[in-house]
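So you can see what is in the structure, the chains are spelled out below.
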Amino acid sequence: MNQLLVALPGYYDAIAEDLARADWLVHNFRRPNPEGLYNPANYLHNREFDETEYRALIDLNVLQFIVNCLKKGKAHQNYRTASALLVFCRMSDIQIEPALAVYERINYNAENLEEALTEVQLLRSLDNADVDYLAQYALGIVDNLLDIELVHVERESLAAKLTQ
């Protein structure tokens, strides 16, 4: 039997409790409430030994909660839960896939393209931020994410792909 040792930070249980309480994850596991759904070790084990890749497909509602971590000055519980989702995905090596949310935002209207591109940039910036800092926000230790550095997004290239 293959084994993998995964050390999680002390705050992780509170992150998992917040996600479980929000019940945002829709999964294809056989049991309705599978044990270990919020345990990063399970995902990391499958990635390491079974070469399984996981992706979190987010809709526009979740994308809005995530980007509002940066856009809104006042923290809201949904923004904190979105930050907890980012922490969970990072610790579990789950890639966040925003295509569904972006197409929902554009909605066949090129006027919405700039906003969608900005949201992708904000998402990628948060997804590349320090995971401990995101956890502090998720847990209410800090009230804003002012120190997040924006990543570069190839807007023209991405715009061309999104409007094909």
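The structure this text deals with has already been given above.
Let us look at the structure shown here.

Taking every second residue as pointing to the same face, the buried face of strand S2 (residues 94-97) carries Ile-94 and Ile-96, while none of Gln-95 and Glu-97 on the other face is buried. Where strand S1 (residues 54-57) and S2 come together, four bridges link them in parallel fashion. By the bridge assignment, Leu-57 is partnered in S2 with Glu-97.

In this section: unusual backbone geometry. Phi is mostly negative for residues that are not glycine, and the peptide bonds are mostly trans. In this model, Asp-23 sits at a positive phi of 55°, which is unusual for a non-glycine residue. Looking at the secondary structure, you find Asp-23 in the loop between helix H1 (12-22) and helix H2 (40-50). Under the relative-accessibility criterion, Asp-23 is labelled exposed at 56%. Of note in the backbone geometry, Asp-93 takes a positive phi value of approximately 55° without being a glycine. Within the secondary structure, Asp-93 sits in the loop between helix H4 (77-92) and S2.

A word on the pattern of salt bridges. One pass over the structure, following the stated rule, counts eight salt bridges. Across the pair Glu-53 and Arg-55 runs a salt bridge whose closest N-O atoms are separated by 3.6 Å. Since its relative accessible area comes to 54%, Glu-53 is described here as exposed. With its nearest N and O atoms 3.8 Å apart, the salt bridge here joins Glu-115 to Arg-105.

How each quantity is defined
Residues numbered from 1 in each chain as written. Predicted model: local features only at pLDDT ≥ 70, side-chain atom pairs only at ≥ 80, totals over all residues. Heavy atoms only, no water. Buried < 20%, exposed > 50% of the residue type's maximum accessible area, 1.4 Å probe, protein only. Helix = DSSP H or I, 4+ residues; strand = E, 2+ residues; numbered from the N terminus. Pairing = 2+ DSSP bridges. Salt bridge = Lys/Arg side-chain N within 4 Å of Asp/Glu carboxyl O.

Without other data, these values stay purely geometric and don't point to any function.
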